[in-house]
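Coordinate inspection notes
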Amino acid sequence: QVQLVESGGGLVQPGGSLRLSCAASGDIFSSNVMGWYRQAPGKQRELVAAITSGGSTNSADSVKGRFTISRDNAKNTVYLQMNSLNPEDTAVYYCNYRRMYGSSRYPEYWGQGTQVIVSS
């Protein structure tokens, strides 16, 4: 009952920047967490960054100082500003939504993913 649509992926050169967007729609609960995960070929999915509806953030050590997550609650949209991209950032990036409370009783939702390729 929550739909997530990602956009902003593409092909960039090392050192370049991209901004990913994820728009949520449907039965959005006011207290929630939205985040970005990524999965590279042959690797498992990992957390990139997450942000609560209250603005608290968490990010992976590998992207700290380079990636910034933000959100616009009025638009139910979360953003991931990615700077200083390197080839190791190449992956499919997935948007995620979950309730902040009652995670055992309510499912989390995933977007279809957007491809990010960092290459010369």
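Quick note: structure is the one above.
Reference entry: report on the structure contained in this document. Note that the structure is a prediction, hence the values are computed from the model and not measured.

**Considerations on the state of the cysteines**
- Taken as a whole and assessed by the stated rule, the structure comprises one disulfide.
- Note that C22 is cross-linked by a disulfide to C95, the S-S spacing being 2.0 Å. Handedness of the C22-C95 disulfide follows from its S-S torsion of about -85°: it is left-handed. Note that C22 is positioned in strand β3 (residues 18-26) and C95 in strand β9 (residues 91-99), a separation of 73 residues in sequence. Of the two residues, C22 and C95, neither departs from the other in class, the shared state being buried.

**Points about the side chain of N32**
- Mapping N32 onto the fold places it in strand β4 (residues 32-39).
- For N32, a relative accessible area of 2% corresponds to the buried category.
- A polar contact is formed between the side chain of N32 and the backbone oxygen of F29, at a distance of 2.6 Å.
- Residues contacting N32, with those up to four places away along its chain left out, are I51, T52, S53, R71, Y97, R98, R99 and M100.

**Regarding the environment of N58**
- With respect to the secondary-structure elements, N58 resides in strand β6 (residues 57-59).
- Considering only alpha carbons, one finds N58 and V48, ten residues apart in sequence, at a separation of 8.5 Å.
- Apart from residues no more than four positions distant in its own chain, N58 is found in contact with L47, V48, A49 and A50.

Basis of the calculations
- All residue numbers refer to position in the chain's written sequence, counted from 1.
- For this predicted model, a pLDDT threshold of at least 70 governs which residues receive local features, and a threshold of 80 or more governs which side-chain atom pairs are given and counted, while totals over whole chains, interfaces and linings are taken from all residues.
- Just so you know, side-chain values use all the structure's heavy atoms and leave hydrogens and water out.
- Here, a disulfide means two cysteine sulfur atoms that sit within 2.5 Å of each other.
- Elements are defined by DSSP. Helices are runs of H or I of four residues or more, strands are runs of E of two residues or more, and each kind is numbered from the N terminus.
- Only protein chains enter the area calculation, which uses a 1.4 Å probe; residues under 20% of their type maximum are buried, those over 50% are exposed, and those in between are partly exposed.
- Any pair of N or O atoms that falls within 3.5 Å is considered a polar contact. Within protein, one atom must be able to donate a hydrogen and the other to accept it, and sequence-neighbouring residues count only if both atoms are side-chain atoms.
- Contacts between residues were defined by any pair of non-hydrogen atoms, one from each residue, lying within 4.5 Å.

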